[in-house]
Structure formats: structure tokens, C-alpha cells
Amino acid sequence: MGFTLLPAVDIVGGRVRVAPGQRAATDPLAVALGLQAAGAEWIHLVDIDAAFGRATNRDVLASIVNTLDIDVEIAGGVTDAGSLDAALASGCRRVCLGTGAIADLVWCSQVLAEHGDRLAMSLDVRLSEGSVGSAPHRLAARGGGADVGHLWSTMAELEAAGCRRFIVTDAGRDGMLTGLDADFYTAVARATTVPVIASGGASSLDDLRALVKAVRTAPNLEGAIVGAALHAGRFTLAEALDIVGS
């Protein structure tokens, strides 16, 4: 199994979200096309407004999907039948069911069985104190922040229900450029048999090296999503791709 890098494009109000102190938001299609030209094979496209229940950027996302020649993964606010149908209709390769969807595990089970590999389960995690392999980390949906259960037991339920891929975000580090916890993602991958994509906290090439190294003992650690560090210029996409491809 190769290690896949998914550069993220976060969209707010039809524009790319940037970190405090960065230049004004830019055109998301131009950013996505630039990433494609730089060698990206996937784009992780996030509707931040939908994730926080403010509005949607569905037309913007669909336009990007239909323009790019590479695979696109859509995330943000996909928690019910209407939002899922709209995301799938965009023509994207994969849709991430939001953490909030876990509140209805029956529905999750039904759509996971129906759509198979076109769906991934997005898990936003609040890490608890203690050993990463045993602490009862909590799942907290973005937007309202509702607690929807324990990480480990919910992963087991979702895998049994037919989940084909987990995208796991360390919510406390996401977008903060503070570095990622490779031990945590290793523990997550070891807790399941399906592929896991790490998201949240990558701030340097050393973080990516740590994840690639972790694949030796957790071979289903399939890839990583990079966003803030890439857009802040901490490293280039070419440099990142060189790390994960070596």
C-alpha cells in the first residue's frame, strides 16, 4: 500500500480559508489547479461553512471537481441524506461523512453499505490524557461540538458496519501548525483493519517523515492530509511528495 498525500483546500464564503497573518483568501479553483499542476493526485476539499452549519459552497465544490483531472475528496457538513446526495452528485471520487453523522449509526451503516469505497468516515477527536492506545478519546462533531462517543468503540462499530476508510483528525492540533502526534495515528491504524488517513497538525517535513516511518508497524496508515503548513509555505508540495514517495 502506497502512502498518499492529500493537500487540503478549505473553503469559506466561496474563498480559500487562510490562517491569521496570511494574505487575503484566494480563489479555490486556482489553488486546486495549482496543486494539480504541482503533482497532487488527490485534493481534500472542505466546505467549512457547511461543517459549521452556516451555509454551503456546493456550487463552488462541484465546479472544482468538474474542472480537475485528479481525484477529489469532499468533506464538511455531510451528516444526512440531503448533504450526502449533494456531495455525491458533484462527481467527486470520495465523500467524507462528518463526525456528526455518528449520532445516527443506523443511517451510517445503511449508506456505508450502499456506497462502499466512495465513502470515508471522518472522525474528529479530542485526545484525552493518558496512553494513546488506551485513553478513551472522545469524538466531537465540528460546528456544535456535540460529543458523539468514544473513539475506539465507535471505530469498531463502524468497521463492523462496513466502513472502508477512516479519516482521523486530532482536533486540538488541526490548523495550529504545532506538529502532529505520530504515536496517536499509529495507535489508530493498529486499532482497525481498514485504511486510515491522518489529518491535523502536520507542520513540517519531519511530521511527514514520522508518519511514513509509522507505516512500517501500521501498514494500513494510508496517507495524510496537509493544509495549513502547505499554504503557509512551511514546505512545498514537491518537497512533501518527495518525502512520502521515498
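All of the points below concern the structure found in this document. (Residues numbered from 1 in each chain as written. Predicted model: local features only at pLDDT ≥ 70, side-chain atom pairs only at ≥ 80, totals over all residues. Heavy atoms only, no water.)

It is worth spelling out the overall build of the chain at this point. For the chain, the count of helices and strands is ten helices and eleven strands. Across the 246 residues of the chain, 50% fall into the buried class. Taking contacts inside the chain between residues at least 6 apart in sequence as the whole, the part at least 24 apart equals 67%. Per element, the accessible surface of the chain, about 10400 Å² overall, is 50% carbon and sulfur. (Helix = DSSP H or I, 4+ residues; strand = E, 2+ residues; numbered from the N terminus. Buried < 20%, exposed > 50% of the residue type's maximum accessible area, 1.4 Å probe, protein only. Contact = heavy atoms within 4.5 Å. Areas by Shrake-Rupley, 256 points an atom, 1.4 Å probe, with all protein chains shown as cover.)

On to the environment of glycine 39. Of note, glycine 39 is situated in the loop between α1 (28–37) and β3 (42–47). Other than its neighbours up to four places away in sequence, glycine 39 contacts Leu237 and Leu241.

With that settled, the discussion passes to the nonpolar core. The nonpolar side chains of soluble globular proteins are, as a tendency, buried together. Within the largest apolar cluster, 70 residues are counted, with the highest numbers of intra-cluster contacts made by Met121, Leu123 and Phe166. No other element matches helix α7 (residues 182–190), which puts six residues into this core. For leucine 123, the contacting residues outside a window of four places in its chain are Thr99, Ile102, Leu139, Leu151, Met155, Leu158, Phe166, Ile167, Val168 and Thr169. In terms of nonpolar packing, the next biggest core, distinct from the first, is built from eleven residues, Ala8, Ile48, Ala120 and Ile197 among them. (Core = buried A, V, L, I, M, F, W, Y, C linked by side-chain atoms within 4.5 Å.)

On to the environment of phenylalanine 52, then. Within the fold, phenylalanine 52 resides in the loop between α2 (48–51) and α3 (58–67). Residue classification places phenylalanine 52 among the partly exposed positions, given a relative accessible area of 38%.

With that settled, consider the pairing of strand β10 (residues 196–199). Neither face of β10 is exposed, since Val196 and Ala198 on one face and Ile197 and Ser199 on the opposite face are all buried. As paired elements, strand β9 (residues 166–170) and β10 share four bridges and run parallel to each other. Each bridged residue has a counterpart across the sheet, and for threonine 169 the counterpart in β10 is serine 199. Examined bridge by bridge, β10 and strand β11 (residues 221–226) share four bridges and lie parallel to one another. Across the sheet, residue serine 199 finds its bridge partner in β11, namely isoleucine 225. In this fold, the crossover linking β10 to β11 by way of helix α8 (residues 205–214) has right-handed handedness. (Pairing = 2+ DSSP bridges. Right-handed = clockwise from strand over helix to strand, strands pointing away.)

This part is about the state of the cysteines. Tallied over the entire structure, the rule returns zero disulfides. Counting only cysteine sulfurs, cysteine 92 is the nearest neighbor of cysteine 96, a cysteine outside any disulfide, at a range of 8.6 Å. (Disulfide = S-S within 2.5 Å.)

Our next topic: the pattern of salt bridges. Throughout the structure, instances matching the rule amount to six salt bridges. Aspartate 117 serves as the salt-bridge partner of arginine 93, at 2.8 Å between the closest nitrogen and oxygen. Placement of arginine 93 in the loop between α4 (81–89) and β5 (94–97) and of aspartate 117 in the loop between α5 (105–115) and β6 (119–126) is noted, with a sequence separation of 24 residues between them. The partner of aspartate 206 in a salt bridge is arginine 209, with the nearest N and O atoms 2.7 Å apart. Taken together, the residues span about one helical turn, with aspartate 206 and arginine 209 both in helix α8 at a distance of three residues. Counted as one network, the salt bridges with shared partners bring together Arg93, Asp117, Arg165 and Glu222. (Salt bridge = Lys/Arg side-chain N within 4 Å of Asp/Glu carboxyl O.)

Here we take up the environment of valine 194. Checked against the element boundaries, valine 194 lands in the loop between α7 and β10. The spacing of valine 194 and arginine 164 is 30 residues in sequence and 5.9 Å in space, taken between C-alpha atoms. The contacts of valine 194, once residues within four sequence positions are left out, are Glu159, Cys163, Arg164, Arg165, Phe166 and Asn220.

Two elements in contact, helix α6 (residues 151–160) and α7, have axes separated by 11 Å at closest approach and are oriented at 35°. The element α6 and its partner α7 pack so that their crossing is right-handed. Contacts between α6 and α7 involve Leu151, Trp152 and Met155 from the former and Phe184, Ala187 and Val188 from the latter. Its residues assigned to classes, the contact of α6 with α7 shows six nonpolar, no polar and no charged. (Axes fitted to C-alpha atoms, helices over the stretch in contact; angles between N-to-C directions. Left-handed = near helix turned anticlockwise from the far one by under 90°. Nonpolar A, V, L, I, M, F, W, Y, C, P; charged D, E, K, R; others polar.)

Moving on, we come to the side chain of threonine 186. In this structure, threonine 186 sits in helix α7. At a separation of 2.8 Å, a polar atom in the side chain of threonine 186 contacts the main-chain carbonyl oxygen of alanine 182. For threonine 186, the contacting residues outside a window of four places in its chain are Ala214, Thr217 and Ala218. (Polar contact = N/O pair within 3.5 Å; in protein donor to acceptor, adjacent residues only side chain to side chain.)

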